[in-house]
Amino acid sequence: MKFVKALTCAALAALIATPALADYKKEYKVSTVLPAPFPWGVAAEKWVELVKERTDGRINLKIYSGSQLVSGDQTKEFTALRQGIIDMAIGSTINWSPQVKELNLFSLPFLMPDYKAVDALTNGPVGEALFKAVDKKGAVPLAWAENGFRQLTNSKHEVRSPADLKGLKIRVVGSPLYQDIFTALGANPTQMSWADAKPALTTKAVDGQENPMTVYKIAKIHTVSQMYMTRWSYVNDPLLFAVNKRVWKSFSEEDQAILKQAAIDAGKVGIEASRGGDEAAAKEIIGHGVTITELTEDERQKFVDATRDVYATWTKKIGADLVKMAEESIANR
Ligand code: X2X
């Protein structure tokens, strides 16, 4: 009897300590905007694969790309993740910035001169501060991936100076900071989702757009008359792996560790796909007859100067301390 009692207590304690497997869902919904073979989707697929492998199939993730869980409205993704409409997501810092204002950091024009600068942010104290900000807003951040440095394209003419942008209608993501950047440069920005972007380029409702080189290549943006690219790398768009808080708490500690490590490993694969794909993409794009304009230092500086006020205004919104920490991390990289 005593033995049975002891066993029951032990079993009960175990039940309380580790969520029962019965609590696990058959499938967890993972939201992304871009699917494989975009580097974003490559990271997502790797995560699914590693989690399945490392949990012996106990945890199954399923990717829902094209922001379909939020009807294509990518700037609503974070809210849906927080609310539990989405279980997990690999989201763009741009798309989540309306809810997590600190993530606007990566969209400060010309903050990050190279990949080392991006890494100095994501892998340093800034990355930690941003994880805290995401957590505070209601989701559990796990790791980084990368959409890439964003380049400007248009169907009209070569853009070498802010004056060349005058009056050009540019599709931007639904983030107020982008609206401000392109307005400051004299362009005519229009916010729209990725789902609406290609149709708008096809019908020439807009003249241009901005996205990473690999996105241009894989989405075949040259087929919608985007024959001029300015390789100005004005912002980079890191991606975040994150999990809904309730879902996260339902996992055992062991499974939480597996999910996190798998996200870190998958993120590395995604980052490599983005960075490693840039030059090959450039070659292929030139092969389609696209003019890729590389700016001289002086030319680039004109764009920097024209966006300094936007940088200053948004530094206040993001948090002056965080921006300072970012500038220092980059200076010491
Ligand atoms: O909408 C875009 O431009 C994209 C696909 O790059 C993002 O989701 C930020």
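S.K.: Please explain the pairing of strand β2 (residues 61–64) as it appears in this structure.
M.R.: Both faces of the sheet carry side chains from a regular strand, because those side chains alternate between them. Pairing geometry for strand β1 (residues 28–31) and β2, over four bridges, is parallel. Looking at β2, one finds that Val30 is bridged to Ile63. With helix α2 (residues 39–54) bridging β1 and its parallel neighbour β2, the resulting β-α-β unit is right-handed.

S.K.: In this structure, what is going on with α2? I would like to understand it.
M.R.: Each full turn of the α-helix corresponds to 3.6 residues, which orients residues three or four apart in the same direction. Spanning 16 residues, α2 covers 22 Å between terminal C-alpha atoms, matching the ideal 22 Å at 1.5 Å per step. Residues Pro39, Trp40, Gly41, Ala43, Ala44, Trp47, Val48, Leu50 and Val51 constitute the buried set of α2. With its phi angle positive at about 50°, Asp56 sits one or two positions after the end of α2.

S.K.: I'm lost on the site of the ligand in this one. Help?
M.R.: In the vicinity of the ligand lie 13 residues, with Gln74, Asn95, Arg150, Arg171 and Asn211 positioned nearest. One nitrogen or oxygen atom from the side chain of Asn95 is found 3.0 Å from an oxygen atom belonging to the ligand. Between Arg171 and the ligand, the recorded distance is 2.8 Å, taken from a side-chain N or O atom to an oxygen atom. Here the ligand has 260 Å² of accessible area as a free molecule, and 100% of this is covered by the chains. Of the residues belonging to the shell around the ligand, the class tally is five nonpolar, five polar and three charged.

S.K.: Quick question: what am I supposed to make of helix α5 (residues 115–122) here?
M.R.: For α5, the complete set of buried residues consists of Ala117, Val118, Ala120, Leu121 and Thr122. In the core, the buried residues of α5 are packed alongside α6 (125–136), β4 (139–154), β9 (236–244), α11 (253–287) and α14 (320–331).

S.K.: Any chance you could explain unusual backbone geometry here in plain terms?
M.R.: Where the residue is not glycine, phi is negative for most of them; where a peptide bond is considered, it is trans in most cases. Note the cis peptide between Ala36 and Pro37, where omega equals 10°. Relative to the elements of secondary structure, Pro37 occurs in the loop between β1 and α2. Phi at Asp56 is positive, roughly 50°, even though this residue is not glycine. With respect to the helices and strands, Asp56 occurs in the loop between α2 and β2. Its identity as a non-glycine residue notwithstanding, Phe110 has a phi of 65°, on the positive side. Relative to the helices and strands, Phe110 is located in the loop between α4 (93–96) and α5. The exposure class of Phe110 is buried, given its relative accessible area of 10%.

S.K.: Help me out: how do you make sense of the packing of aromatic side chains in this one?
M.R.: The relative placement of two aromatic rings is captured by the distance of their centres and the angle of their planes. Using the criterion set out here, one finds 14 aromatic pairs in the structure. A ring pair is formed by Phe106 and Trp144, whose centres lie 5.7 Å apart and whose planes are at 70°; its orientation type is edge-to-face. A residue pair is termed long-range when its members are at least 10 positions apart, and Phe106 in the loop between α4 and α5 and Trp144 in strand β4 qualify at 38 residues. The exposure class assigned to Phe106 is buried, which follows from its relative accessible area of 0%. Geometrically, the ring pair formed by Phe182 and Tyr234 is edge-to-face, given 6.0 Å between the ring centres and 80° between the ring planes. Remark: Tyr234 occurs in the loop between β8 (228–231) and β9 and Phe182 occurs in helix α7 (residues 176–184); sequence separation between them is 52 residues. For Phe182, a relative accessible area of 0% corresponds to the buried category. The rings of Phe110, Tyr178, Phe182, Trp232, Tyr234 and Phe303 are connected pair by pair, giving a single aromatic cluster. Taking NZ or CZ as reference, Arg308 lies 4.2 Å from the ring centre of Tyr311, over its face. One cation-aromatic arrangement involves Lys317 over Trp314; the distance from NZ or CZ to the ring centre is 4.5 Å.

S.K.: What's the story with the packing of α2 against α11 in this structure? I'm lost.
M.R.: Packed helices, taken two at a time, are described by their axes: the angle between them and the distance between them. It is at 8 Å that the axes of α2 and α11 come closest, and there the two elements cross at 150°. The angle between α2 and α11 places the two elements in the roughly antiparallel class. Crossing angle aside, the handedness with which α2 passes α11 is right-handed. Facing Pro39, Val42, Ala43, Lys46, Trp47, Leu50, Val51 and Arg54 of α2, the residues of α11 in contact are Ile258, Leu259, Gln261, Ala262, Ala263, Asp265, Ala266, Val269, Gly270, Ala273 and Ser274. Of the residues that constitute the contact of α2 with α11, the class distribution is 13 nonpolar, three polar and three charged.

S.K.: I tried to follow the side chain of Asp255 on my own but got confused; where do I start?
M.R.: Structurally, the position occupied by Asp255 is in helix α11. A relative accessible area of 1% means that Asp255 is categorised as buried. Within the local environment of Asp255, its side chain forms a polar contact with the side chain of Arg58, the two groups lying 2.7 Å apart.

Cut-offs and rules
- Residues numbered from 1 in each chain as written.
- Predicted model: local features only at pLDDT ≥ 70, side-chain atom pairs only at ≥ 80, totals over all residues.
- Heavy atoms only, no water.
- Pairing = 2+ DSSP bridges.
- Helix = DSSP H or I, 4+ residues; strand = E, 2+ residues; numbered from the N terminus.
- Right-handed = clockwise from strand over helix to strand, strands pointing away.
- Expected span 1.5 Å × (residues − 1).
- Buried < 20%, exposed > 50% of the residue type's maximum accessible area, 1.4 Å probe, protein only.
- Near = heavy atom within 4 Å.
- Polar contact = N/O pair within 3.5 Å; in protein donor to acceptor, adjacent residues only side chain to side chain.
- Areas by Shrake-Rupley, 256 points an atom, 1.4 Å probe, with all protein chains shown as cover.
- Nonpolar A, V, L, I, M, F, W, Y, C, P; charged D, E, K, R; others polar.
- Contact = heavy atoms within 4.5 Å.
- Phe/Tyr/Trp six-rings, centres within 6.5 Å; stacked < 30°, edge-to-face > 60°.
- Lys NZ or Arg CZ within 6 Å of the ring centre and 35° of its normal.
- Axes fitted to C-alpha atoms, helices over the stretch in contact; angles between N-to-C directions.
- Parallel < 35°, antiparallel > 145°, perpendicular 65-115°, else oblique.
- Left-handed = near helix turned anticlockwise from the far one by under 90°.

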